[in-house]
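Below, each chain spelled out in residue letters.
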Amino acid sequence: MERTFLAIKPDGVQRQLIGEIICRFETKGFTLVGLKFMKVSRELAEQHYDVHKEKPFFNGLVEFITSGPVTAMVWEGDGVVAAARKMIGATNPLSAEPGTIRGDFGVNIGRNLIHGSDAVETAQREIGLWFKQEELVDWQPTL
Ligand code: CMP
């Protein structure tokens, strides 16, 4: 079954949007299989954002993601990677459609509330970076 990695960033946590965001993925019908509330180390932040290391905003990105607690999650379901990206909305919240998380709650590209893996292969890499195998729970909703 397909899985994706999502992280509610420090701004989403500070704005008390954890419940709202989890609710959207639960009510959509995806299954939560991993959940951690944590401070991110500089090492993990740099590995996670490795693809952006040459970008001018890289240092700010790492500073920000390590600045306060983050809610790291793994969600499971058919097509969950692309669906979660759609539910999250465009990277720049000002361009994100209303009805998406960033479109409904954000205005700043550097404070865009939540990260979601952009492809199945990226999701596998990110889940491996953030979670140990034993921190993921294999289960299926029965109702
Ligand atoms: P995220 O989905 O976490 O992936 C990379 C992040 O880089 C992105 O969300 C934005 O928060 C951030 N980002 C992308 N472009 C810019 C930019 N031009 N200025 C500042 N931050 C950016």
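Here the structure is a predicted model, which is why all the values come from computation and not from measurement.

Caption draft 1: Spotlight on the overall build of the protein chain. Across its full length, the protein chain holds 7 helices and 4 strands. When the helices and strands of the protein chain are listed from N to C terminus, the series reads β-α-α-β-α-α-β-α-α-β-α. Relative to the compact-globule value of 15 Å for 143 residues, the protein chain shows a C-alpha radius of gyration of 14 Å, a close match. Each principal axis of the C-alpha atoms in the protein chain carries an extent, and together these give about 45 × 35 × 25 Å. Expressed as a percentage of the 143 residues in the protein chain, the buried residues total 47%.

Caption draft 2: The arrangement of the site of the ligand in detail. In the vicinity of the ligand, the contacting residues are K9, Y49, H52, F57, L61, T91, R102, I109, N112 and H115. Measuring from an oxygen atom of the ligand, one finds a side-chain N or O atom of Y49 at 2.6 Å. I109 is positioned such that a nitrogen or oxygen atom in its backbone is 2.9 Å from an oxygen atom of the ligand. Taking 450 Å² as the accessible area of the ligand by itself, protein coverage stands at 78%. Partitioned by chemical class, the residues of the shell around the ligand number 4 nonpolar, 4 polar and 2 charged.

Caption draft 3: Here's a closer look at the UniProt feature "domain: Nucleoside diphosphate kinase-like" (unreviewed entry) in the protein chain. Look at the UniProt record and you will see "domain: Nucleoside diphosphate kinase-like" (unreviewed entry) annotated at residues 1–138. Along residues 1–138 the backbone is 41% helical and 17% strand, and the end-to-end C-alpha distance reaches 10 Å.

Caption draft 4: Here's a closer look at unusual backbone geometry. The backbone phi angle of Q16 is positive, close to 60°, even though this residue is not glycine. By secondary structure assignment, the location of Q16 is in the loop between helix 1 (10–14) and helix 2 (18–28). Its identity as a non-glycine residue notwithstanding, L113 has a phi of 75°, on the positive side. As for its position among the elements, L113 is in the loop between helix 6 (101–105) and strand 4 (114–116).

Caption draft 5: Highlighting the sheet that holds strand 4. Spatial strand order, 2-3-1-4: 4 strands in an open sheet with antiparallel pairing. Each having just a single partner strand, strand 2 (31–38) and strand 4 make up the two edges of the open sheet. Strand after strand, the sheet turns through a mean of 15° between neighbouring axes, direction not considered. The pairing of strand 1 (residues 3–8) with strand 3 (residues 70–76) spans 6 bridges and is antiparallel. When the bridges of strand 3 are listed, F5 appears paired with V74.

Caption draft 6: A look at the environment of E26. Within the secondary structure, E26 is located in helix 2. Classification of E26 as exposed rests on a relative accessible area of 53%.

Caption draft 7: Structural detail: helix 5 (residues 80–88). Looking at helix 5, one finds that the buried residues are V80, V81, A83, A84, M87 and I88. Along the axis of helix 5, the buried positions cluster into a sector of 170°, meaning they face one direction only. Exposed and oriented more than 90 degrees from the buried face of helix 5 are A82 and K86. Those residues of helix 5 hidden inside the fold are in contact with strand 1, helix 2, strand 3, helix 6, strand 4 and helix 7 (120–130).

Calculation rules
- Residues numbered from 1 in each chain as written.
- Predicted model: local features only at pLDDT ≥ 70, side-chain atom pairs only at ≥ 80, totals over all residues.
- Heavy atoms only, no water.
- Helix = DSSP H or I, 4+ residues; strand = E, 2+ residues; numbered from the N terminus.
- Rg over C-alpha atoms; globule rule 2.2 N^0.38 Å.
- Buried < 20%, exposed > 50% of the residue type's maximum accessible area, 1.4 Å probe, protein only.
- Near = heavy atom within 4 Å.
- Polar contact = N/O pair within 3.5 Å; in protein donor to acceptor, adjacent residues only side chain to side chain.
- Areas by Shrake-Rupley, 256 points an atom, 1.4 Å probe, with all protein chains shown as cover.
- Nonpolar A, V, L, I, M, F, W, Y, C, P; charged D, E, K, R; others polar.
- UniProt positions renumbered as here; feature names shortened; annotations may be inferred.
- Pairing = 2+ DSSP bridges.
- Axes fitted to C-alpha atoms, helices over the stretch in contact; angles between N-to-C directions.
- Arc of directions from axis to C-beta.
- Contact = heavy atoms within 4.5 Å.

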